[in-house]
Amino acid sequence: MEIGPGAGNTLDAIRGTREFTGGATSETWGYSQDYLGPLLRFRRGRTANISVMNRLDEPITAHWHGMHVPGYLDGGPQLAFGPGETWAPELPVDHPAATLFYHSHVHGRTGPQVYRGLAGMIVIDDPEIDDPLPHDYGVNDFPLIVQDRRFDRSGRMTYSLGMMDRMHGFQGDQILVNGVIRPKLTVPAGLVRLRILNASNARAYDFRFTDGRQFHQVASDGGLLARPLAMASLQLDGAERAEIVVEFSDRSPVSLVSRDIGMNGVMNGGMMGDRGGSMMMGDRGMMGDRGMMGMDGNSGAPLEIMSFDVGEAAPAGPTRLPTSLPSDAPALGDPVRRRNFTLNMHTGGMMRGGMMGGGGQTMGINGAPYVMDRIDETVRAGETELWRINADMMMRHTFHVHGTSFRVVSQNGRPVDSAQIGWKDVVRVQGPTEILLRFDKLASEETPFMYHCHILEHEDAGMMGQFTVT
Ligand code: C2O
Ligand code: CU
Ligand code: CU
């Protein structure tokens with residue numbers, strides 16, 4: 001496990017190199033590390049002063065995904081800073097205990113920059129609560145940053161977008177946890193907390209253990225659930241987080257795997273229709289040595305994520321789960337306004353380059369691609385709103401909102417128990433989806449908040465909008 005706590009107050013965006021597989025050296029980026037960034041640990045009620053230095057040769061940002069900070073501190077695309085420049089925000093930490101995400105967010109470049117390694121995890125601690133869960137970092141509490149990557153034959157990490165990658169988002173066939181392919185972690189016999197962040201560009205996971213054991217989800221994107229939720233499998237889309245507690249006292253080694261969701265659920269939609277055959281024939285990337293991989297997500301073997309060995313019992317820490325958790329998500333009340341968002345796979349008629357060209361597709365929301373100097377929505381602080389998100393084609397998307405967390409009211413056309421899903425900032429969209437939200441942090445026209453699909457290739461292609469909160 002590569003990520004340790006504490007990197008001082010400085011994050012240096014730097015180039016690095018890394019041998020992931022096959023002895024080949026990949027060129028990577030990281031925040032103060034070769035690849036990814038250190039775990040940032042913030043205390044609620046304090047101010048986190050961070051100075052981010054750009055030692056790369058293109059503009060970057062540092063976006064605090066999930067954190068409730070005003071627009072000028074949020075690290076969205078307007079706050080890009082160039083090579084040699086430093087950005088030093090002072091972040092008031094006003095968020096319940098949670099597992100969050102940070103990453104670069106430059107318009108049109110988020111996919112490649114995050115893929116190279118400009119991403120990391122934030123853990124917020126709340127000194128006001130007595131954490132009843134395992135919380136001894138590196139002993140019974142572990143961060144797991146899960147990503148998928150592609151490597152060429154020599155073992156070098158690659159990112160280039162064929163037509164299918166642009167359409168569905170870029171998916172790799174090797175899974176990394178904290179930057180390592182299929183790592184092994186030794187955990188203590190007893191209860192162990194795993195903070196899982198899906199930092200993949202596009203891939204969704206359906207996590208489970210090889211022996212089918214049950215575990216409990218205790219937190220989602222925005223913090224603790226009201227009570228531990230027993231489950232045997234857990235789906236996480238891109239940028240979603242979940243904290244789970246797993247019982248290892250039986251001492252049997254076990255692996256964490258994922259059903260290969262791949263592009264399944266996408267391919268049986270209207271998109272592939274009878275044009276599918278010719279589209280695939282035209283896309284060399286798709287028919288290359290990767291063949292038809294991922295086309296039928298259910299038939300493949302499960303993807304191995306990582307394995308666990310069980311050591312001695314931890315010297316301290318809880319031995320049983322509490323029945324309720326000190327969850328701290330506010331009640332939002334009834335909405336005073338409704339807004340509709342349609343995620344568009346293309347906007348404005350013909351796609352540049354056309355289908356066969358495999359490039360230049362302009363995606364959008366509500367008929368328009370993202371434009372940095374257009375404000376799409378204006379929101380009033382303190383008012384609860386209901387947002388309804390839909391997609392113009394049968395395709396899996398996600399929807400993420402900056403500046404606040406939300407409750408999911410219905411998902412994929414079905415009502416959901418939001419107490420079970422918890423406080424969220426990303427939701428999967430595979431059909432009409434409704435969220436209830438309220439903004440308390442302000443965002444101006446110069447530094448608005450974003451909403452977007454968190455499939456990074458969709459976001460980069462324009463599936464993003466922005467709003468002020470006044
Ligand atoms: Cu993960 Cu707009 O962010
Ligand atoms: Cu975000
Ligand atoms: Cu999308």
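Please read these numbers as outputs of a predicted model, since none were measured by experiment. (Residues numbered from 1 in each chain as written. Chains lettered and ligands numbered in written order. Predicted model: local features only at pLDDT ≥ 70, side-chain atom pairs only at ≥ 80, totals over all residues.)

Visitor: Account for the pairing of strand β2 (residues 25-31), naming residues and giving values.
Guide: Of all 7 residues in β2, 5 are buried; the element is thus mostly enclosed. Pairing between strand β1 (residues 10-19) and β2: 7 bridges, direction antiparallel. Note that in β2 the partner of Glu-19 across the bridge is Thr-25. A loop of 5 residues connects β1 with β2, the two strands running antiparallel in sequence, and Gly-22 in this loop sits at a positive phi of about 70°. (Buried ≥ 20, exposed ≤ 12 C-beta atoms within 10 Å, placed from the backbone. Helix = DSSP H or I, 4+ residues; strand = E, 2+ residues; numbered from the N terminus. Pairing = 2+ DSSP bridges.)

Visitor: Could you give an account of the nonpolar core, naming the residues involved and the relevant values?
Guide: Counting 106 residues, the largest nonpolar core has Ile-122, Val-146 and Ile-305 as the members making the most contacts within it. Non-local contacts of Val-146, meaning those with residues more than four positions away in its chain, are made with Ile-175, Val-177, Ile-196, Leu-197, Asn-198, Ala-199, Ser-200, Tyr-205 and Ile-305. (Core = buried A, V, L, I, M, F, W, Y, C linked by C-beta atoms within 7 Å. Contact = placed C-beta atoms within 7 Å.)

Visitor: Describe the sheet that holds strand β20 (residues 234-236), listing the residues and the values that go with them.
Guide: Pairing in this open sheet of 5 strands is mixed, and the strands run β15-β23-β22-β17-β20 from one edge to the other. A single partner strand is all that each edge strand has here, and the edge strands are β15 (184-189) and β20. Going from strand to strand, the sheet's axes swing by 30° on average, the running direction of each strand aside. Note that β15 and strand β23 (residues 303-313) share 5 bridges and pair parallel. Bridge assignment links Thr-186 to a residue of β23, and that residue is Asp-309. (Axes fitted to C-alpha atoms, helices over the stretch in contact; angles between N-to-C directions.)

Visitor: Give me the lowdown on the sheet that holds strand β28 (residues 397-401), citing residues and values where you can.
Guide: Here 5 strands make up an open sheet; going across it, the order is β26-β34-β33-β28-β31 and the pairing mixed. Across the chains shown, the open sheet's two edge strands, defined by having one partner strand only, are β26 (377-379) and β31 (426-429). Strand-to-strand twist in this sheet, taken as the mean axis angle between neighbours without regard to direction, amounts to 25°.

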